[in-house]
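# Working through the structure, step by step
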There are 2 protein chains.
Amino acid sequence: MSPDTLSAFYRGYIDCLNRQDWDNLGRFVSVDAIHNGRTLGLSGYRAMLEGDFRAIPDLHFDIALLACEPPLIASRLHFDCRPSGELFGLPVNGRRVTFDENVFYEVEGGLISKVWSIIDKAAIARQI
Amino acid sequence: MSPDTLSAFYRGYIDCLNRQDWDNLGRFVSVDAIHNGRTLGLSGYRAMLEGDFRAIPDLHFDIALLACEPPLIASRLHFDCRPSGELFGLPVNGRRVTFDENVFYEVEGGLISKVWSIIDKAAIARQI
């Protein structure tokens with residue numbers, strides 16, 4: 001994939017997440033997907049995302065920065081939301097918080113195969 | 001700059017950091033540099049890095065992942081080091097810790113002008 005094709009693919013992936021269109025997640029994520037060193041597979045990846053939406057009912061993924069150089073996608077995601085209970089062990093309890101995630105994806109065979117994500121949890125701690 | 005030129009530029013920047021060659025930092029970092037929303041300028045940026053090397057005498061920047069799409073550089077940096085005292089408020093006290101940083105840079109006029117960095121501090125907390 002070219003950088004532009006990779007960018008379009010990634011925007012399709014983020015749209016899929018924001019629509020919670022789990023039946024189409026397999027168009028973007030490999031059945032062998034590894035997230036932060038853990039083999040989740042497609043079903044575990046879907047379960048992780050479904051859990052995220054349970055914890056954050058108004059979860060929305062906003063792409064703040066995007067750099068694509070095949071086979072890598074690098075994205076800075078911005079979140080502005082009201083997690084209902086605890087988030088990352090922090091008692092947010094419905095307060096509005098904003099935070100960011102810097103994340104890399106490796107794409108193999110047209111699908112996300114590996115993810116290296118770091119979320120700015122300290123930013124959330126500062127807001128509650 | 002092309003992706004390849006940007007990649008070579010970034011490897012030169014990391015070499016400069018690892019050599020603690022502060023007199024040449026201005027070949028890579030703008031005098032108006034902004035780091036995580038704070039205007040540090042070149043002198044503040046240098047002071048931040050000098051402080052990092054004081055806190056971590058064996059600090060070494062290793063590029064684990066690199067994606068360049070002008071004007072952005074995205075890098076995952078890996079650290080394997082023995083911070084001498086506290087690091088990010090955590091009492092490391094000379095223990096060996098490994099952690100990662102996912103960071104974006106915007107390059108303008110051939111120099112790093114903006115940085116968006118997230119360090120995996122939770123990984124350090126788990127190791128001490």
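Residues numbered from 1 in each chain as written. Chains lettered and ligands numbered in written order. Predicted model: local features only at pLDDT ≥ 70, side-chain atom pairs only at ≥ 80, totals over all residues.

Superposition record for chain B on chain A: RMSD 0.0 Å, screw rotation 180°, translation along axis 0.0 Å. A rotation of that kind, with that shift, is consistent with a two-fold axis. Same-surface contact between copies: 100% of interface residues of chain B are shared with the interface of chain A. (Least-squares fit on C-alpha atoms with pLDDT ≥ 70 in both. Contact = placed C-beta atoms within 7 Å.)

A separate point is the interface of chain B and chain A. The partner chain A presents 17 residues to the 17 residues of chain B that form the contact. Here the residues of the side of chain B that touches chain A are counted per class, giving 11 nonpolar, 1 polar and 5 charged. (Nonpolar A, V, L, I, M, F, W, Y, C, P; charged D, E, K, R; others polar.)

We now examine the environment of L25(A). Residue and element names in this part refer to chain A. Here L25 lies in the loop between helix 1 (3-18) and strand 1 (29-35). The exposure class assigned to L25 is partly exposed, which follows from the 19 C-beta atoms found within 10 Å. Linking L25 and R76, residues 51 residues apart in sequence, is a C-alpha distance of 20 Å. (Helix = DSSP H or I, 4+ residues; strand = E, 2+ residues; numbered from the N terminus. Buried ≥ 20, exposed ≤ 12 C-beta atoms within 10 Å, placed from the backbone.)

Turning our eyes to something else, we now look at the sheet that holds strand 7 (residues 97-108) of chain B. Residue and element names in this part refer to chain B. Overall, mixed pairing links the 6 strands, which are arranged 2-1-8-7-4-3 in an open sheet. Bordering the open sheet on either side are strand 2 (38-39) and strand 3 (62-69), each of which pairs with just one other strand. In this sheet, strand 4 (residues 72-81) lies alongside strand 3 in antiparallel orientation, the contact comprising 7 bridges. Bridge pairing in strand 4 places E69 opposite L72. Contacts between helix 1 (residues 3-18) and the sheet are confined to strand 3, strand 4, strand 7 and strand 8 (111-119), with strand 3 contributing the most and set at about 150° to the helix. The strands touched by helix 2 (residues 41-55) within the sheet are strand 1 (29-35) and strand 2, with strand 1 carrying the most contacts at an inclination of about 65°. (Pairing = 2+ DSSP bridges. Axes fitted to C-alpha atoms, helices over the stretch in contact; angles between N-to-C directions.)

Before going further, it helps to examine the confidence of the model for chain A. When the pLDDT values of chain A are averaged, the result is 97; 100% of them are 70 or greater. Of the two predicted TM-score estimates for the complex, the pTM is 0.97 and the ipTM is 0.96. (pLDDT = per-residue confidence, 0-100.)

This brings us to the sheet that holds strand 2 (residues 38-39) of chain A. Residues and elements named next belong to chain A. Here we have 6 strands laid out as an open sheet, ordered 2-1-8-7-4-3, and mixed in their pairing. In this open sheet, the two edge strands, each paired with only one partner strand, are strand 2 and strand 3 (62-69). In the sheet, strand 1 pairs with strand 8 (residues 111-119) via 3 bridges, with the strands oriented parallel. Its bridge partner being in strand 8, V29 is matched across the sheet by I112. Lying over the sheet, helix 2 (residues 41-55) contacts strand 1 and strand 2, oriented at roughly 65° with respect to strand 1.

Moving on, we come to the environment of A64(A). Residues and elements named next belong to chain A. Take A64: it is sitting in strand 3. Residue classification places A64 among the partly exposed positions, given that 14 C-beta atoms sit within 10 Å. Taking C-alpha positions, A64 is 7.4 Å from S75, a pair spaced 11 residues apart along the chain.

Looking now at the environment of I34(A). Residue and element names in this part refer to chain A. Structurally, the position occupied by I34 is in strand 1. On the neighbour-count criterion, I34 (18 C-beta atoms within 10 Å) is partly exposed. Considering only alpha carbons, one finds I34 and V115, 81 residues apart in sequence, at a separation of 6.3 Å. Once residues lying within four places of it in the same chain are set aside, the contact partners of I34 are T39, S113 and K114.

Before going further, it helps to spend a moment on the pairing of strand 8 of chain B. Consecutive side chains along a regular strand alternate between the two faces of the sheet. All names here are of chain B. Of the pairings in the sheet, the one linking strand 7 to strand 8 comprises 8 bridges and is antiparallel in character. Of the residues in strand 8, the one forming a bridge with E106 is K114. Connecting strand 7 to the antiparallel partner strand 8 that follows it, the hairpin turn spans 2 residues, and G109 within it adopts a positive phi of roughly 60°.

Here we come to helix 1 of chain A. Along an α-helix, residues three or four positions apart point the same way, because every turn accommodates 3.6 residues. Residue and element names in this part refer to chain A. With 16 residues, helix 1 should cover 22 Å at 1.5 Å per step; its first-to-last C-alpha distance of 22 Å lies within 8% of that length. Among the residues of helix 1, those classed as buried are L6, Y10, Y13 and C16. Buried positions in helix 1, seen along its axis, are confined to an arc of 115° and lie on one side of it. Turned more than 90 degrees away from the buried face of helix 1, the exposed residues are D4, G12 and N18. (Expected span 1.5 Å × (residues − 1). Arc of directions from axis to C-beta.)

Quick look at unusual backbone geometry now. Residues and elements named next belong to chain A. Here the amide bond leading from P70 into P71 is cis, since omega sits at 5°, within 30 degrees of zero. Secondary-structure assignment places P71 in the loop between strand 3 and strand 4 (72-81). The phi dihedral of Q20 falls on the positive side, at around 50°, and the residue is not glycine. Position of Q20 among the secondary structure elements: in the loop between helix 1 and strand 1.

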